[in-house]
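Listed below, chain by chain, are the residues.
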Amino acid sequence: MPNDIAIERAKKNNINALNDVIIKSSPFVYNLCQKWCRPPIESEDIAQNALIKISKSLKDFKFQSKFSTWVYTITYNVFLDEYRKVKRRQSIAPTSSIEDTNNQFSDNQTQAFEEAAQASELLQLALDDLSLEHRAILLLIDVEELSYTEAAEALNIELGTVR
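About the criteria used
- Residues numbered from 1 in each chain as written.
- Predicted model: local features only at pLDDT ≥ 70, side-chain atom pairs only at ≥ 80, totals over all residues.
- Heavy atoms only, no water.
- Helix = DSSP H or I, 4+ residues; strand = E, 2+ residues; numbered from the N terminus.
- Buried < 20%, exposed > 50% of the residue type's maximum accessible area, 1.4 Å probe, protein only.
- Contact = heavy atoms within 4.5 Å.
- Axes fitted to C-alpha atoms, helices over the stretch in contact; angles between N-to-C directions.
- Parallel < 35°, antiparallel > 145°, perpendicular 65-115°, else oblique.
- Left-handed = near helix turned anticlockwise from the far one by under 90°.
- Nonpolar A, V, L, I, M, F, W, Y, C, P; charged D, E, K, R; others polar.
- Expected span 1.5 Å × (residues − 1).
- Bend = angle between axes of the 7 residues up to and from the residue.
- Polar contact = N/O pair within 3.5 Å; in protein donor to acceptor, adjacent residues only side chain to side chain.

A. Quick look at the overall build of the chain. In terms of helices and strands, the chain carries nine helices and zero strands. Along the chain direction, N to C, the helices and strands of the chain fall in the order α-α-α-α-α-α-α-α-α. Taking all 163 residues of the chain together, 38% fall into the buried category. Once local pairs closer than 6 in sequence are excluded, the contacts in the chain between residues at least 24 apart make up 60%.

B. Geometry of helix α8 (residues 148-155). Buried residues of α8: Glu 150, Ala 151, Ala 152, Ala 154 and Leu 155, and no others. A positive phi of about 55° marks Asn 156, the residue just after α8.

C. Fine view of the packing of helix α7 (residues 132-143) against α8. Contact pair α7 / α8: the axes reach a minimum separation of 10 Å and the direction vectors enclose 140°. Looking at the two axes, α7 sits oblique to α8. Note that α7 runs across α8; the crossing there is right-handed. On the side of α7, the interface is formed by Glu 133, Ala 136, Ile 137, Leu 140 and Ile 141, while α8 contributes Tyr 148, Ala 151, Ala 154 and Leu 155. Counted by class, the contact of α7 with α8 contains eight nonpolar, no polar and one charged residues.

D. Geometry of helix α2 (residues 15-36). Across its 22 residues, α2 extends 30 Å between first and last C-alpha, which sits within 8% of the 32 Å expected from 1.5 Å per residue. Approximately 40° is the largest bend angle found in α2, and it occurs at Ser 26, with the proline Pro 27 only one to four residues beyond. The complete set of buried residues in α2 reads Ala 17, Val 21, Ile 22, Ser 25, Ser 26, Phe 28, Val 29, Leu 32, Cys 33 and Trp 36. You can read the cap of α2 off the contacts: a side-chain oxygen lies 3.0 Å from the backbone nitrogen of Asn 16, and it is on Asn 14.

Have a look at this one:
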């Protein structure tokens, strides 16, 4: 993530600083979108839309929370907006099947890899069964390692809901 000095300079319309902020935020944003979206192409589109929104909204960042929490909130909201649009059209595809994953690798792959892939698929199916809010809470706390307070702030929900 970018440092506070770069963020402050970017807020003052410094193009180089804005570029630095976006470049340093991009991996975080893309990673979040890939966890939420299937297929990955949709995640790239959503991540780009989130980065555009972040660059346009940067002037509103007030350092009252961590920058990563603010970026997460914007990314999550962009994802939700897109998800709702796509859900209306019913075009969100499920995670690729274990067979599709196995076809990408040679026959030399070990049994451990197959078990890990199956466990990953089961985990993804379990995550897909959760509501978006519960999935976001789980990913924020267990994967992104935010505190309960930071997760509640990022999702704009009560702390008790996160616990």
